[in-house]
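Here are the chains, one letter per residue:
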Amino acid sequence: MKLNGSEIIVKVLLENEVDTIFGYPGGCVLNIYDELYKNQDKITHYITAHEQGASHAADGYARATGKTGVVLATSGPGATNLVTGIATAYMDSVPMVAITGNVGSSLIGRDSFQEVYIAGITMPITKHNFVVRKIEDLADTLRQAFKIAISDRPGPVLVDIPKDITAAVAEYEPKPKQTVEKKSFIDGDNLAEIAEVINKAKKPVIFFGGGVKNSNAGDLIKKIIEKANIPATHTMMASGVLRYDMPENLGLLGMHGSVAANRTVNDSDVVITVASRFSDRVALSPDKFAKKATLIQIDIDQSEINKNVKVDYSVVGDAETVLGQLEKLIKENKHEDWFEKINSFRKDVPYSTGGNTIHPKQIMDILSEKAGEDGIFVTDVGQHQMWAAQYLHHVKAENFLTSGGLGTMGYGYGAAIGAAIGTGKSPVYHITGDGSFHMNMNEACTAVTYNVPVISICLNNNALGMVRQWQKIFYGQRYSASEPDRKTDYVKVAEGFGAKGYTCSTVEEFKAALDDAVNCGGPAWIECHIDREERVLPMIPGGGTVDDIIYE
Amino acid sequence: MKKTYLSVLVDNHEGVLTRLSSLFCQRGFNIDSLSVAATNDETLSRVTIATSGSEEEINQIINQTKKLYEYEGMFEIDPNDSLIRELLLVKVACDSKNRSGLLEISSIYKAKIIDVSVGSIVFELTGKPAKLDSYIQNLEGYTILEMCRTGATALQRGDVKMTK
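Residues numbered from 1 in each chain as written. Chains lettered and ligands numbered in written order. Predicted model: local features only at pLDDT ≥ 70, side-chain atom pairs only at ≥ 80, totals over all residues. Heavy atoms only, no water.

**Student:** For the overall build of chain B, give the residues involved together with the corresponding values.
**Tutor:** Counting its regular elements, chain B contains four helices and nine strands. Written out in order from the N terminus, the α and β elements of chain B read β-α-β-β-α-β-β-α-β-β-α-β-β. With the C-alpha coordinates of chain B rotated into their principal frame, the extents come out at 55 × 35 × 30 Å. Residues classed as buried in chain B amount to 43% of the 164 residues present. Sequence separation of at least 24 residues holds for 74% of the intrachain contacts in chain B that already meet a minimum separation of 6. Summed over its atoms, the accessible surface of chain B is roughly 9,000 Å², and 50% of this surface lies on carbon and sulfur atoms. Within chain B, one finds 19 positive and 22 negative side-chain charges whose respective centroids are separated by 3 Å. (Helix = DSSP H or I, 4+ residues; strand = E, 2+ residues; numbered from the N terminus. Buried < 20%, exposed > 50% of the residue type's maximum accessible area, 1.4 Å probe, protein only. Contact = heavy atoms within 4.5 Å. Areas by Shrake-Rupley, 256 points an atom, 1.4 Å probe, with all protein chains shown as cover. Lys, Arg positive; Asp, Glu negative; His and termini not counted. Charge placed at Lys NZ, Arg CZ, Asp CG, Glu CD.)

Listed below in structure tokens is the structure:
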């Protein structure tokens, strides 16, 4: 059947069971938007305040649902506004298809109005990208994009489509949804040999990252932990894979990781690393990471093996399938002495409460209790993010959304909107700080337009807390540009957007505001005053080791 | 630091060279030289990259390159079992006083004269990059007016090493 480009785009979206997209219209995508108008019963399009918000919404949608997020933007500034959202998805391996319009083929390369070479701009932050030059290539290019986004290690793919292609006509033949098969053992050392190393270990530890989520390997990790009696620690991206209260779960590793996790890894004789890239926030000093241990690394991405930390054994393959095979070779075991030692490593960081502020831990405790085990939490970036990672009662991997790799301030609001729309859950909790919130708070209009039940909890210390914390510890308390004297009235601004607004300075006020916000069933902002001097602890300075942990 | 030649087969698409060089730039890998052209299978291009780094860096380069969607195949060229060649064109100033010396050096290297103008000669030399380096070194006493090199290109001896 003969269809025009815009019709083909919508058909391929439908082939891939896309029923939700985020975006913002403009000149070069008018044809596509006209087609979306005709198909609004099949695909719901959500317009955000800014394309960045749309890209984060597609990302949040993908992380919360496991489906591929789709974002659509016009040429030029529409496309460049996606860049931060695409890079965020790339660094955290989130499947996303970004479609951008471009000027007509005859205008390309002439610095035309709203023209930009977005394929060139996004080359380093996409798994792959395409410029569609011929209408005949359009359908298969889009299909490829969906396939690449989900294959092996997921990630974003961009397809740039000149305006004339969206109107040109070609033959369209329907094809089935793009799917991929999991790759089991691609390359690496003998699994029996690796199992032998694990079976002989006296002080083993499992350390896993976000890829465990993508590969649904959480249950197998749990099985191995219980079978062989091995403690585990994880990156921020893997929060919730294990229950927060599982005794073998030592919590976060790295810069703001638990003392127990960091000391356990440091003292271990075998580290089984699953789907983590040993980033500089985890292996702060790569040469000194688990110096006494035999390192085993399992990753779907061959280039991650030996990239940051040199390992002794490696397996390239999907975490779930590789662990499934490995689990059969691992013997039941007991490591009582080791756990006894680990218990001596445990150290709680003290905190004080009172005055005209609420302690961040109290906020996280109250939120965990209110949200229950199904609550979805989305963070921005900074101190509040670390407190959320440390103190929330994580129980499900897909319920904690955070920008771990790129560290994108302003990620949270859009992502929370995407997560709420994708899952239909009410409410979704957006935990933010006054710095991050100011970056994309304009998305309140999106939440109000569609009555998306996102509750934004803003930990307000009137400072860029994480920057200020570093300046306090490492820069002689010279608070350069980290104390903007903002006079934002959060209640008024929220109300101005048409959302509910609350401000609180005590636990009681916060609880009351939270109850009210949850009951209202729509978007709300809750400003919580916290102490400006509050720091994220424990902390290992960049490049440091367990010997450098700052406790108080 | 290890000097390595990589022979990479990629889809002959627009932008593939940009993608490859962007990857090298992004990750801080060296490109000492690079040559690229379509192969006998016109859907493929062969890129020969001369690069250098520690063994770990070379492994990273290889593994990152393999992730390119348009990647079709690659091998590290074994210098002992390969034919590595580069082309040099060099324009040297000369007059009646130094011409014979220049011709003598050039004939030792079997450099071909491809143009003679008033005051200059253009030589063409093909060979291993080291031979070209050595020839250029021996031209030190002369004035090189212009020069260009193609970068190395290479094939392994014997059986076909790599197809799509």
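Additional details are given in the paragraphs that follow.
**Student:** Quick one: what's the story with the sheet that holds strand E13 (residues 270-274) of chain A, residue by residue and with numbers?
**Tutor:** All names here are of chain A. One open sheet holds the seven strands; their spatial order is E9-E15-E14-E13-E10-E11-E12, and the pairing between them is mixed. Where the open sheet ends on each side, the last strands, each with one partner, are strand E9 (185-188) and strand E12 (249-252). When the angles between neighbouring strand axes are averaged without regard to direction, this sheet yields 15°. Of the pairings in the sheet, the one linking E9 to strand E15 (residues 313-317) comprises three bridges and is antiparallel in character. Bridge assignment links Phe-185 to a residue of E15, and that residue is Gly-317. Running over the sheet, helix H11 (residues 259-267) touches strand E10 (204-208), strand E11 (232-234), E12 and E13 and is turned about 105° from E12. (Pairing = 2+ DSSP bridges. Axes fitted to C-alpha atoms, helices over the stretch in contact; angles between N-to-C directions.)

**Student:** I'd like to hear about the pattern of salt bridges, residue by residue, with values.
**Tutor:** Overall, the coordinates contain 40 salt bridges over all chains when judged by the stated rule. Salt-bridge contacts for A:Arg63 lead to A:Asp59; the nearest nitrogen and oxygen are separated by 2.6 Å. In this pair, A:Arg63 and A:Asp59 both sit in helix H3 (residues 51-65), four residues apart, roughly one turn of the helix. Its relative accessible area of 0% is what places A:Asp59 among the buried residues. Counted as one network, the salt bridges with shared partners bring together A:Arg153, A:Asp301, A:Glu304, A:Lys307 and B:Lys67. (Salt bridge = Lys/Arg side-chain N within 4 Å of Asp/Glu carboxyl O.)

**Student:** Explain empty space enclosed by the protein residue by residue, including any values.
**Tutor:** Residues and elements named next belong to chain A. One pass over the full model with this rule turns up five cavities of 30 Å³ or more. Estimated volume of the largest cavity: approximately 170 Å³. Along the wall of the largest cavity there are 15 residues; nearest its centre are Asn-262, Lys-288, Phe-289, Thr-545 and Val-546. Considering only enclosed or pocket space, the second largest cavity measures out at about 80 Å³ in volume. Around the second largest cavity, the lining residues are Gly-372, Glu-373, Gly-375, Phe-377, Leu-392, His-393, His-394, Val-395, Lys-396, Asn-399 and Phe-400. Residue composition of the lining of the second largest cavity, grouped by class: four nonpolar, five polar and two charged. (1 Å grid on protein atoms, 1.4 Å probe; cavity = no way out; pocket = protein on both sides within 12 Å on 5 of 7 lines; lining within 4 Å. Points joined across faces, edges and corners; volume = space filled by probe spheres on them. Nonpolar A, V, L, I, M, F, W, Y, C, P; charged D, E, K, R; others polar.)

**Student:** I'd like a rundown of the packing of aromatic side chains, residues and numbers included.
**Tutor:** In total, this model carries 16 aromatic pairs over all chains according to the counting rule given. Note on A:Phe437 and A:Trp525: the rings are 4.5 Å apart at their centroids and 65° apart in plane angle, and the pair reads as edge-to-face. Here A:Phe437, found in helix H17 (residues 434-440), pairs with A:Trp525, found in strand E21 (residues 524-529); they are 88 residues apart in sequence, far enough to count as distant. A relative accessible area of 1% means that A:Phe437 is categorised as buried. Between B:Phe24 and B:Phe29, the ring centres sit 5.7 Å apart and the planes meet at 90°, which makes this aromatic pair edge-to-face. Taking the relative accessible area as the measure of exposure, B:Phe24 reaches 1% and is therefore buried. By relative accessible area, which is 14% here, B:Phe29 ends up buried. Grouped by ring-pair contacts, the aromatic residues A:Tyr413, A:Phe437, A:Tyr490, A:Phe497 and A:Trp525 constitute a single cluster. Between the NZ or CZ atom of A:Lys347 and the centre of the ring of A:Tyr551, over which it lies, the distance is 4.3 Å. (Phe/Tyr/Trp six-rings, centres within 6.5 Å; stacked < 30°, edge-to-face > 60°. Lys NZ or Arg CZ within 6 Å of the ring centre and 35° of its normal.)

**Student:** Outline unusual backbone geometry, supporting the account with residue identities and numerical values.
**Tutor:** Residue and element names in this part refer to chain A. At the junction of Ser-426 and Pro-427, the peptide bond is cis and its omega measures out at -5° in the coordinates. Tracing the chain through its elements places Pro-427 in the loop between helix H16 (411-423) and strand E18 (428-433). At the junction of Leu-537 and Pro-538, the peptide bond is cis and its omega measures out at -5° in the coordinates. On the secondary structure map, Pro-538 appears in the segment after E21. The backbone of Asp-111 sits at a positive phi, close to 55°, despite the residue not being glycine. Position of Asp-111 relative to the elements: it lies in the loop between strand E5 (96-102) and helix H6 (118-122). Classification of Asp-111 as exposed rests on a relative accessible area of 73%.

**Student:** Help me get a handle on the nonpolar core, residues and values and all.
**Tutor:** All names here are of chain A. Counting residues in each nonpolar core, the largest one holds 44 residues, and the members touching the most others are Phe-22, Val-378, Tyr-413 and Trp-525. Ranked by residue count, the leading element in this core is H16, at eight residues. Filtering out sequence-adjacent residues up to four positions away, Phe-22 remains in contact with His-45, Tyr-46, Ala-54, Ala-57, Ala-58, Tyr-61, Val-70, Val-71, Leu-72, Gly-418 and Ile-421. Counting residues in each nonpolar core, the second largest holds 35 residues, with Leu-220, Leu-242, Ala-275 and Ile-298 among its members. (Core = buried A, V, L, I, M, F, W, Y, C linked by side-chain atoms within 4.5 Å.)

**Student:** Give a detailed account of the side chain of A:His56, specifying residues and quantitative values.
**Tutor:** Relative to the helices and strands, A:His56 is located in helix H3. In contact with A:His56, not counting residues within four places along its chain, are A:Thr84, A:Gly85, A:Thr88, A:Thr408, A:Gly410, A:Tyr411, A:Gly414, A:Ala415 and A:Asn440.

**Student:** Before we move on, could you go through the layout of surface pockets and cite the residues and values that matter?
**Tutor:** To find leftover empty space, one rolls a probe the size of a water molecule over the atoms. Residue and element names in this part refer to chain A. Of the volumes computed, that of the second largest pocket is approximately 780 Å³. Leu-250, Ser-258, Asp-348, Gln-390 and Tyr-391 are the residues nearest the centre of the second largest pocket, which is lined by 32 residues in total. Taken together, the residues that form the lining of the second largest pocket break down as 15 nonpolar, eleven polar and six charged.

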